[in-house]
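# Descriptive analysis of the structure
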Amino acid sequence: MRGFIIKEFYHIFRDIRSMVVLFGMPVIQVLLFGFALSTEVKNAPIAIIDHSNDQVTRAITTKLLSSGFFILSDQVPGEGHIEEVFRHGKVKEVIVFESDFASKLEKDRQAGIQIIADASDPNTANLVVSYTSAIIGDYQQEYLKGMSLPVTVRTESQMMYNPALKSVFMFVPGVITILLMLITAMMTSISIARENELGTMEILLVSPMRPIQIIAGKVLPYVLLAFTNALIILLLSYFVLGMPVKGSLVLLLAESLLFIVMALSLGIFISTVSNSQQMAMMLSMFALMLPTILLSGFIFPIENMPVPLQIFSNIMPPRWFIIIVKSIMIKGLGFKYIWKETLIIAGMAVFFIALSIRKFKIRLE
Amino acid sequence: MKIIEVENLVKKFGSFVANDHLTFSVDEGEIYGFLGANGAGKTTAMKILCGLSSPTSGKVMVAGYDVYHQTEMIKKRIGYMSQRFSLFEDLSVWENFQFFGGIYGLSPAKIRERTTELLGRLGLESEKKQILGSLPLGWKQKLAFSVAIIHRPSIVFLDEPTGGVDPITRRQFWEIIYETASQGITVFVTTHYMDEAEYCRRVSIMADGKIVALDTPANLKTKYNAANIEGVFLKIARN
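A brief report on the enclosed structure follows.

Rules of the game
- Residues numbered from 1 in each chain as written.
- Chains lettered and ligands numbered in written order.
- Predicted model: local features only at pLDDT ≥ 70, side-chain atom pairs only at ≥ 80, totals over all residues.
- Heavy atoms only, no water.
- Helix = DSSP H or I, 4+ residues; strand = E, 2+ residues; numbered from the N terminus.
- Rg over C-alpha atoms; globule rule 2.2 N^0.38 Å.
- Buried < 20%, exposed > 50% of the residue type's maximum accessible area, 1.4 Å probe, protein only.
- Contact = heavy atoms within 4.5 Å.
- Areas by Shrake-Rupley, 256 points an atom, 1.4 Å probe, with all protein chains shown as cover.
- Lys, Arg positive; Asp, Glu negative; His and termini not counted.
- Charge placed at Lys NZ, Arg CZ, Asp CG, Glu CD.
- Axes fitted to C-alpha atoms, helices over the stretch in contact; angles between N-to-C directions.
- Parallel < 35°, antiparallel > 145°, perpendicular 65-115°, else oblique.
- Nonpolar A, V, L, I, M, F, W, Y, C, P; charged D, E, K, R; others polar.
- Pairing = 2+ DSSP bridges.
- Buried area = accessible area lost by both parts, 1.4 Å probe.
- Salt bridge = Lys/Arg side-chain N within 4 Å of Asp/Glu carboxyl O.
- Polar contact = N/O pair within 3.5 Å; in protein donor to acceptor, adjacent residues only side chain to side chain.
- Disulfide = S-S within 2.5 Å.
- Left-handed = near helix turned anticlockwise from the far one by under 90°.

Here the focus is the overall build of chain B. If you tally the helices and strands in chain B, you get 9 helices and 10 strands. Over its C-alpha atoms chain B spans a radius of gyration of 18 Å, differing by no more than 12% from the 18 Å that the globule rule assigns to 239 residues. The C-alpha extent of chain B, read off along each of the three principal axes, is 50 × 40 × 35 Å. Every one of the 239 residues in chain B was classed for burial, and the buried ones make up 56%. Of all intrachain contacts in chain B linking residues separated by at least 6 positions in sequence, the fraction that spans at least 24 positions is 68%. As displayed, chain B offers around 10,200 Å² of accessible surface, 50% of which is attributable to carbon and sulfur atoms. Put simply, chain B has 28 plus and 26 minus side-chain charges, and the middle of one group is 3 Å from the middle of the other.

Across its full length, chain A carries 14 helices and 4 strands. With 365 residues in all, chain A has 45% of them scored as buried. Within chain A, contacts between residues separated by at least 24 positions form 76% of all contacts whose residues are at least 6 apart in sequence. Carbon and sulfur atoms make up 64% of the accessible area of chain A, which totals about 18,700 Å².

Residue and element names in this part refer to chain A. As a packed pair, helix H10 (residues 249-273) and helix H13 (residues 317-331) sit with axes 10 Å apart at the nearest point and diverge in direction by 170°. As judged from the angle between their axes, H10 and H13 are roughly antiparallel. Taking contact as the criterion, the partners of Leu251, Leu252, Glu255, Ser256, Phe259 and Met262 in H10 are, on H13, Pro317, Pro318, Phe321, Ile324, Val325, Ile328 and Met329. Along the lines of polarity and charge, the residues of the contact of H10 with H13 split into 11 nonpolar, 1 polar and 1 charged.

Moving on, we get to the sheet that holds strand E5 (residues 65-66) of chain B. All names here are of chain B. Taken together, the 4 strands give an open sheet; going across it, the order is E2-E1-E4-E5, and neighbouring strands pair in antiparallel fashion. The sheet is open, and its two edges are formed by strand E2 (16-27) and E5, each paired on a single side. With 8 bridges connecting them, strand E1 (residues 2-13) and E2 associate as antiparallel partners. Along E2, the bridge assignment pairs leucine 9 with leucine 22.

This paragraph deals with the interface of chain B and chain A. Contacts between the two partners involve 27 residues from chain B and, on the opposite side, 23 residues from chain A. For the pair chain B and chain A, the summed buried surface comes to about 2,300 Å²; carbon and sulfur atoms form 62% of the total. Between the two partners, chain B and chain A, sit 1 salt bridge. Where glutamate 95 of chain B meets arginine 14 of chain A, a salt bridge forms, and the shortest distance between an N and an O atom there is 2.8 Å. In this structure, the connection of chain B to chain A is made through 6 residue pairs in polar contact (both at pLDDT 80 or more). Mapped by element, the contributors of at least two residues to the side of chain B that touches chain A are E1, helix H2 (71-77), strand E6 (78-81) and helix H3 (93-103) of chain B.

Looking now at the pairing of strand E10 (residues 210-215) of chain B. All names here are of chain B. Examined bridge by bridge, strand E9 (residues 202-207) and E10 share 5 bridges and lie antiparallel to one another. Bridge assignment links alanine 207 to a residue of E10, and that residue is lysine 210. Count of turn residues in the E9/E10 antiparallel hairpin: 2 residues, of which aspartate 208 carries a positive phi of about 50°.

Here we take up the state of the cysteines. All names here are of chain B. Applying the stated criterion across every chain, the model contains 0 disulfides over all chains. Between cysteine 50, a free cysteine, and cysteine 200, which holds the nearest cysteine sulfur, the sulfur-to-sulfur gap is 17 Å. With relative accessibility at 5%, the residue cysteine 200 sits in the buried group.

Another aspect to go through is the packing of H10 of chain A against helix H11 (residues 277-295) of chain A. When two helices pack together, their arrangement is given by the angle between their axes and by how far apart the axes lie. Residues and elements named next belong to chain A. Where H10 contacts H11, the two axes come as close as 9 Å, and the packing angle between them is 130°. Taken as axis vectors, H10 and H11 run oblique relative to one another. Considering how the two elements wind past one another, H10 and H11 form a crossing that is right-handed. Where H10 approaches H11, its residues Leu266, Ile270 and Val273 are matched on the opposing element by Met279, Ala280, Leu283, Ser284 and Leu288.

On to unusual backbone geometry. Residues and elements named next belong to chain B. For asparagine 8, which is not glycine, the phi dihedral falls at a positive 50°. Note on placement: asparagine 8 falls in strand E1. The exposure class of asparagine 8 is partly exposed, given its relative accessible area of 42%. Positive phi, normally seen in glycine, also occurs at aspartate 208, with a value near 50°. With respect to the helices and strands, the residue aspartate 208 is situated in the loop between E9 and E10. Residue aspartate 208 is classed as exposed on the basis of its relative accessible area of 69%.

Below is the structure:
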């Protein structure tokens, strides 16, 4: 058994490609998702067409530009040029104040501001518009101060658990999940498929080693590596990205280990249904990677999906693991809040192990 | 003494009969050639003898153990080399021996001793640190054979061991096989090279799941009135 594990490490460490996948990927992914792919709006270029240019419009403009979310891009000569500006892609949003803004506000108690956003990137457009409205609403509150007014309702929102709405909070659990899934399931399925393809599996099966020992010997190194990776990702996100771990670290690591075992059994299952390394790779990519990214709630909220996809997402193991990671890291919840998700993942692990053992036996016949 | 005894072995896959009432036996220390066209059922029979697959019916004893219930014992007593070259290409020669020796439960000291001895016989001691993938195919084949007998099995099964190897290396390979047999290890070999069949003490020829001929090469040639085993084989295949 020891020889087996040593041999597997030789395989991994002598193959530059698997080394890159194992140790380069986590670092790159975490940094990429943490820094580059951010859903926050910072310094979005906007243009302002001010037809009245009075103290009110100037005050609103100053407030917008000092918020840190926007910077003033080129001046737009007139409303006729708005489309042209968007077409150049230089600005994300154009704000148009109507003429005589301040005096209309005094007399008619209302004045119009037009917000035009570039919705070719809908997420950003949405964010930009809602930030703008919020800032204008804020100004309105200040403006109304001291005036006697009919009753107004004021909403005050508070963002629990992630007050700064940092996207890192959303990405890190997803990245951990994807990487654990990828490394364990894909690497194990490929490494077992490789032995099948090269014919060494046959030699191993003829030896006195039991099939269960052979499989265990093959997957144990990957458990170790995946676990090391989980630690690397956590350290990176804690020290570099400032991601908190509010709950118990021990619980988080234990849950990660469970998820790794689940991904392993899935990897073994994939290797039993594929007869070449290529096929194992393709299966892992399509059966694991894409659904993990798309259907786990990592990037797209599950609540917004069509009902059939929502139901389908239930059988995606990463979906449950992401909930677990978020609960522990961000909300600081204990085991009693996540036992259900834990049970689901454990159930999946048992299911895939049972299935692979059956498959393996059939193949031997 | 009979090291392999097979009586009325039948193996069916659904309605397809891969092995149809095979009966043969192999003597201890013998070199036994197991011939047959592709798809004749050789591999299926060999898998059963190695304990990788169980027969549908019939009596099969290997090294004195029953293949139905004692495959674990059988696996300890046999060595196997497949037609596909099957050592680890990214490990060194030495590491391959270490690994396979370990699998058969040999102690590190034993592994070292046998590896040195086997490499010495091949004259490859100086290559032991080399990564296997960088060696020529003929060497790899010989190494694979040495690995298959590192635990001193009673029988070694060779499934087309010389596929894709040049004539000189094939010749050397058979010299090693003879040497091994002279140490009392039974050699059970399948091959597509009919000239190699002449090296065997006895050969059986399979067709459509049945053994249609079994004797010494000399007797077969007389019986089928052929100049060599290839002629025997062709005559059988045509019927």
